[in-house]
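# A closer look at the structure
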Amino acid sequence: MGEQGTIIILNGTSSAGKSSIARALLPHLPIPAIHSGIDHFLERTPPGFITVLPADSPARVPGLAALFGPEGLVGVRIGPMGYRLLAGMYRAAATLAAAGVHIVIDDVIYDPEVLRSAVTILAPYAPLFVGVRCALPVAEARERARGDRAPGGARMFAPLVNTHECYDLEIDSSTATPEESAARIAAFLTAGHPRIAFATLAARYEPE
């Protein structure tokens, strides 16, 4: 089959600049390489998969529920089909890597069960797990400027996406340009630094 592709996961809050970094990173990678991520999958789900609910609604949904309060998005509730879709996204990345395709995934992993799924599926492929940090005021300003995100997402996800505190590499997208961030990631790969974050996380899930 040939050489295995590299999986690079950019994880950070909404509007942190992950997609811009992913696009800047692709030219640094050998062909074939592809950029995908959570947005690409959610944008292609059928009507009704993502439901909008008030913040205090106890309703459970099969897919995803976006919870809104007076200030905007305050939570996202994941149902059984939502978890299945996200696991499928990680399995798709594994299949691409096994076929020799390099893949950059921009993600917002804030749910412990989703993180466990990602680690369980992808740890054998030793992905490069990159934490994309971004000062909240900068992320919120980008959120307002882009106009295609519900207000409140950057603030809601910011304290949740890094609670596992385990990355191979961290970058600050509020002080570095996408090109600078991409160059740093590419240099990390070229230098052959070990990619151990997912192995470390996998050990946490092993039964004692």
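Conventions used here
- Residues numbered from 1 in each chain as written.
- Predicted model: local features only at pLDDT ≥ 70, side-chain atom pairs only at ≥ 80, totals over all residues.
- Heavy atoms only, no water.
- Buried < 20%, exposed > 50% of the residue type's maximum accessible area, 1.4 Å probe, protein only.
- Helix = DSSP H or I, 4+ residues; strand = E, 2+ residues; numbered from the N terminus.
- Pairing = 2+ DSSP bridges.
- Axes fitted to C-alpha atoms, helices over the stretch in contact; angles between N-to-C directions.
- 1 Å grid on protein atoms, 1.4 Å probe; cavity = no way out; pocket = protein on both sides within 12 Å on 5 of 7 lines; lining within 4 Å.
- Points joined across faces, edges and corners; volume = space filled by probe spheres on them.
- Nonpolar A, V, L, I, M, F, W, Y, C, P; charged D, E, K, R; others polar.
- Phe/Tyr/Trp six-rings, centres within 6.5 Å; stacked < 30°, edge-to-face > 60°.
- Salt bridge = Lys/Arg side-chain N within 4 Å of Asp/Glu carboxyl O.
- Core = buried A, V, L, I, M, F, W, Y, C linked by side-chain atoms within 4.5 Å.
- Contact = heavy atoms within 4.5 Å.
- Parallel < 35°, antiparallel > 145°, perpendicular 65-115°, else oblique.
- Left-handed = near helix turned anticlockwise from the far one by under 90°.

So, on to the pairing of strand β6 (residues 102–107). By the criterion of burial, β6 is predominantly enclosed, with 6 of the 6 residues buried. Alternating positions in β6 separate into two faces, His102, Val104 and Asp106 on one and Ile103, Ile105 and Asp107 on the other, with burial throughout. Note: strand β1 (residues 7–11) against β6, 5 bridges, orientation parallel. Note that in β6 the partner of Ile8 across the bridge is Val104.

This paragraph deals with the sheet that holds strand β7 (residues 128–133). One open sheet accounts for 5 strands, arranged β2-β6-β1-β7-β8; its pairing is parallel. This sheet does not close on itself; its edge strands, each paired only once, are β2 (33–37) and β8 (169–172). The mean angle between the axes of side-by-side strands here comes to 20 degrees, regardless of whether they run parallel or antiparallel. Pairing of β7 with β8 involves 4 bridges; the strand directions are parallel. Directly across from Gly131, in β8, lies its bridge partner Glu170.

Moving on, we come to the layout of surface pockets. The space that makes up the largest pocket amounts to roughly 980 Å³. Along the wall of the largest pocket there are 38 residues; nearest its centre are Ser14, Asp39, Leu42, Arg149 and Phe157. Among the elements of the structure, α1 (18–25), α2 (38–42), β4 (64–69), β5 (72–78), α3 (80–98), β6, α5 (136–146) and α6 (153–157) are those that each provide at least two residues to the lining of the largest pocket. Residue classes in the lining of the largest pocket are distributed as 18 nonpolar, 9 polar and 11 charged.

Right, let's get into the packing of aromatic side chains. Counting across every chain of the model gives 3 aromatic pairs. Judged by centre distance (5.0 Å) and plane angle (75 degrees), the rings of Phe129 and Phe198 are edge-to-face. Here Phe198 lies in helix α8 (residues 197–205) and Phe129 lies in strand β7, a separation of 69 residues in the sequence. Judged by its relative accessible area of 1%, Phe198 is buried. Within the aromatic cluster, the residues linked to one another by ring pairs are Phe129, Tyr167 and Phe198.

Attention now goes to the pattern of salt bridges. All chains considered together, the criterion is met by 4 salt bridges. Among the ionic pairs, Arg133 bridges to Glu165, the shortest N-O distance being 3.4 Å. Taken together, the residues span a long stretch of sequence, with Arg133 in strand β7 and Glu165 in the loop between α6 and β8 at a distance of 32 residues. According to the relative accessible area criterion, Arg133 is partly exposed, its value standing at 25%. One salt bridge in this structure joins Glu170 and Arg133, with 2.6 Å as the shortest N-O distance. Pair noted here: Glu170 is in strand β8 and Arg133 is in strand β7, with a separation of 37 residues, a long-range link. Overall, the relative accessible area of 34% leaves Glu170 in the partly exposed class.

By size, the foremost hydrophobic cluster in this structure holds 36 residues, and its most contacted members are Ile7, Tyr90, Leu122, Phe129 and Phe198. For this core, the secondary structure elements donating two or more residues are β1, β4, β5, α3, β6, α4 (112–122), α6 and α8. The element that contributes the greatest number of residues to this core is α3, accounting for 7 residues. With near-sequence residues (within four places) excluded, Tyr90 lies in contact with Asp107, Ile109, Val114, Ser117, Ala118, Ile121 and Leu122. Counting residues in hydrophobic clusters, the runner-up holds 21 residues, among them Leu10, Ile21, Val104 and Leu169.

Attention now moves to the packing of α1 against helix α7 (residues 178–190). For the pair α1 and α7, interaxial distance at closest approach is 8 Å and the crossing angle is 60 degrees. Judged on the interaxial angle alone, α7 and α1 are oblique. Helix-helix and strand crossings are classified by hand; for α1 and α7 the assignment is right-handed. Each of Ser20, Ile21, Ala24 and Leu25 in α1 lies in contact with α7, whose residues at this interface are Pro178, Glu179, Ser181, Ala182, Ile185 and Ala186. By residue class, the composition of the contact of α1 with α7 is 7 nonpolar, 2 polar and 1 charged.

From the geometry alone we can't say anything about function, so treat these as descriptive.
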